[in-house]
Amino acid sequence: MGSLEEAIEGLKKFLSDKDDAAVAKIKKLITGLQERDPNEFDPVKRILEGFQHFKINKFDKHPKLYDKLAEGQWPKFLVFACSDSRVCPSHILDFQPGEAFMVRNIANMVPAFDKLKYSGVGAAIEYAVSVLEVQNILVIGHSRCGGIKRLMTHPEDNSAPFDFIDEWVKIGLPAKVKVQAEFGDLPLEDQCKHCEKQSVKLSLCNLETYPYVQMGLANKKLRLMGGYYDFVHGKFELLEFEPHFHHLFST
Amino acid sequence: MATLSPSSFTKNFNSSIDFPITSFQTFAIFGPKLKTEQTHFRLSTSFKTGSPLELKAMKEPPGLTQKLDKNRLDRLAESENGCDLFEDLKHRFLRFKKHKFEENLGHFQNLAEGQAPKFMIIACADSRVCPSVILGFQPGEAFMVRNVANLVPPFESGPSETNAALEFAVNSLKVENILVIGHSRCGGIRALMSMQDEVDSSFIRSWVIVGKNARLNTKSAASHLGFDQQCRHCEKESVDHSLLNLLTYPWIEQKVAKGELSVHGGYYDFVDCTFEKWTLDYKGSNFGKNSRLPVKNRFYWC
């Protein structure tokens, strides 16, 4: 049975025990679906099918979990991942509802503390660490990242500027500089791969500039991790990041 | 204290995931000796590049490093729990690799060459509302931004992570749909509604103030309701305001006007498990800044 037919059959099940107004709405929806060209992409249909599948196969099957989650969330992780459609941590690391407070932005970047310029990221970190008291922060980079490629190629390639993208990926400039210094003789693709990983390390260092993160690390209540998902080869690397203090001298 | 020896762990790990040995340089919870060498190695590397990071290390007083050594030993004692966490993440990835990646290898190989998602989603960072879960988006389907309270700042507020992602999704990936999803019991919206007039130096306030118009509208339309109901009203009002803010971006408005891009709002209620969805009904000349958001195709799924 095609997914369109499945969606219609699924809707028909709701007809039997609903009030007249709801029945009318559902019948209208079914008619609308039946009139659609099955080959044309229909965003409404796509969202409806997805939600139905979740409700039937997850929400309704685990009432205790979802009742508890309705009252609050106690995630153990704050995750930073790229907005790239191919790298959602709910897929690659199977995060279930309630497990990970998740920020997604271009090139999974964490800028250094700046209340004026980067309030969005700061708000997420403050909320996750101070309010939700997550125990782990995980920054996940990935292969063939468009944001990192932009960082590595612009403005040297004389391409037209992207006002917002270029301003954002500039956060990764220290990573670009380091990679060009160490690996500048390698092809661009390899340099980008190094930068994808170096940018994760830079983001982990930047996390340390947030006071609540510093406190969490000092109290041993927080650990920082970096990840790298390579979707070309189907691999995942994980690193633990520790603030590197080292006794240099005594007088 | 119970710790695994680094070499046995390395061997074990390498057989299941190809994990180059250099990645272990920061995998420092196994064996104090290895850790000291790694720390030394990392510090000398950062000195060479002259990055500003090592200055922080030099400023730390010697007393702190003594404390840190004790902390390091304490953490080694707890390393079994750390092992469990890493083991868990490793197994999660291997499950994904076995049941999804390898079973759809052709599809993932195509995706590795490039992404062509039809959706851009703006959703809250809340752990309970991941659109990949609640709407079943599979790898490759949805370019996703997640921030506190799923807010979209207007064009005039200047560069931010959210509009950088919008620029990429709309102008580079050329997505056909943008969907902003709000949700029930949103902590960010609650913070917005709870804000007092006095100066509050928190990051959360600096960010959620993007939704101030939604709060104003809610206060005037729903002041007779209890606070929880007002928050619920604001959660939906804020989605509408984000849709209006999307149209402040000239390249978004142009595409919407031409019919190349559709803008949708959504609301996920995880108390009752319902989903509402509506689409912006754009007719350029009727669009006033202060007018009520014109919508079409409003659906309510329960």
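This structure is a prediction, so every number in the text was calculated from the model and none was measured.

A closer look at the environment of Met195(B)
Residue and element names in this part refer to chain B.
Okay, so step 1: In this structure, Met-195 sits in the loop between helix H9 (187-194) and helix H10 (203-208).
Okay, so step 2: Taking the C-alpha atoms as reference points, Met-195 and Phe-86, separated by 109 residues in sequence, lie 39 Å from one another.
Okay, so step 3: Residue contacts for Met-195: discarding those within four places in its chain leaves Arg-205, Val-208, Ile-209 and Arg-215.

A look at the environment of Val131(A)
All names here are of chain A.
Okay, so step 1: Along the chain, Val-131 falls in helix H6 (residues 119-131).
Okay, so step 2: Exposure remark for Val-131: the relative accessible area of 47% places this residue in the partly exposed category.
Okay, so step 3: Each C-alpha atom, one on Val-131 and one on Trp-74, is 9.9 Å from the other, the two residues being 57 residues apart in sequence.

Section: helix H8 (residues 161-172) of chain B
Side chains that are three or four residues apart share a direction in an α-helix, a result of its 3.6 residues per turn.
Residues and elements named next belong to chain B.
Okay, so step 1: With 12 residues, H8 extends 16 Å between its outermost C-alpha atoms, agreeing within 8% with the 16 Å of an ideal straight helix rising 1.5 Å per residue.
Okay, so step 2: The buried fraction of H8 amounts to 10 of the 12 residues, a majority that puts the element mostly inside the structure.
Okay, so step 3: Among the residues of H8, those classed as buried are Glu-161, Thr-162, Asn-163, Ala-164, Ala-165, Leu-166, Glu-167, Phe-168, Ala-169 and Val-170.
Okay, so step 4: Downstream of H8 by one or two residues, Lys-174 has phi in the positive range, about 55°.

Regarding the environment of Phe164(A)
Okay, so step 1: When you line up the elements, Phe164(A) lands in helix H8 (residues 163-169).
Okay, so step 2: Separated by 22 residues in sequence, Phe164(A) and Leu186(A) have C-alpha atoms that sit 29 Å apart.
Okay, so step 3: Excluding residues that lie within four positions of it along the chain, Phe164(A) makes contacts with Phe155(B), Gly158(B), Pro159(B), Asn163(B), Ala164(B), Glu167(B), Tyr249(B) and Trp251(B).

A short note on the packing of H9(B) against helix H11 (residues 212-221) of chain B
Residue and element names in this part refer to chain B.
Okay, so step 1: Packing of H9 against H11 leaves a shortest axis separation of 10 Å and a crossing angle of 65°. As summarised for this structure, H9 and H11 are arranged roughly perpendicular, according to the angle between their axes. Crossing of H9 against H11: the hand is right-handed. When H9 is examined against H11, the residues Leu-192, Met-193 and Ser-194 are found in contact with a partner set consisting of Lys-212, Arg-215, Thr-218 and Lys-219.
Okay, so step 2: The class makeup of the residues in the contact of H9 with H11 is two nonpolar, two polar and three charged.

Some remarks on the packing of aromatic side chains
Okay, so step 1: What the rule picks out here adds up to 33 aromatic pairs over all chains.
Okay, so step 2: Between Phe41(A) and Phe119(B), the aromatic rings sit 5.9 Å apart at their centres with planes inclined by 75°, giving edge-to-face as the arrangement. Highlighted residues: Phe41(A) in the loop between helix H2 (20-34) and helix H3 (43-59) and Phe119(B) in strand S1 (residues 119-124), drawn from two different chains.
Okay, so step 3: Taking relative accessible area as the criterion, Phe41(A) reaches 32% and is therefore assigned partly exposed.
Okay, so step 4: With centroids separated by 6.4 Å and ring planes inclined at 75°, the aromatic side chains of Phe51(A) and Tyr268(B) adopt a geometry described as edge-to-face. Taken together, the residues Phe51(A) in helix H3 and Tyr268(B) in strand S4 (residues 262-269) connect one chain to another. The same class applies to Phe51(A) as to Tyr268(B), namely buried.
Okay, so step 5: Joined through ring pairs, the aromatic side chains of Phe51(A), Phe54(A), Phe59(A), Tyr66(A), Tyr268(B), Phe270(B), Phe275(B), Phe299(B) and Trp301(B) make up one cluster.
Okay, so step 6: One cation-aromatic arrangement involves Lys68(A) over Trp74(A); the distance from NZ or CZ to the ring centre is 5.3 Å.
Okay, so step 7: The aromatic ring of Phe203(B) is capped on one face by Lys115(A), whose charged end is 5.6 Å from the ring centroid.

What counts and what doesn't
- Residues numbered from 1 in each chain as written.
- Chains lettered and ligands numbered in written order.
- Predicted model: local features only at pLDDT ≥ 70, side-chain atom pairs only at ≥ 80, totals over all residues.
- Heavy atoms only, no water.
- Helix = DSSP H or I, 4+ residues; strand = E, 2+ residues; numbered from the N terminus.
- Contact = heavy atoms within 4.5 Å.
- Buried < 20%, exposed > 50% of the residue type's maximum accessible area, 1.4 Å probe, protein only.
- Expected span 1.5 Å × (residues − 1).
- Axes fitted to C-alpha atoms, helices over the stretch in contact; angles between N-to-C directions.
- Parallel < 35°, antiparallel > 145°, perpendicular 65-115°, else oblique.
- Left-handed = near helix turned anticlockwise from the far one by under 90°.
- Nonpolar A, V, L, I, M, F, W, Y, C, P; charged D, E, K, R; others polar.
- Phe/Tyr/Trp six-rings, centres within 6.5 Å; stacked < 30°, edge-to-face > 60°.
- Lys NZ or Arg CZ within 6 Å of the ring centre and 35° of its normal.

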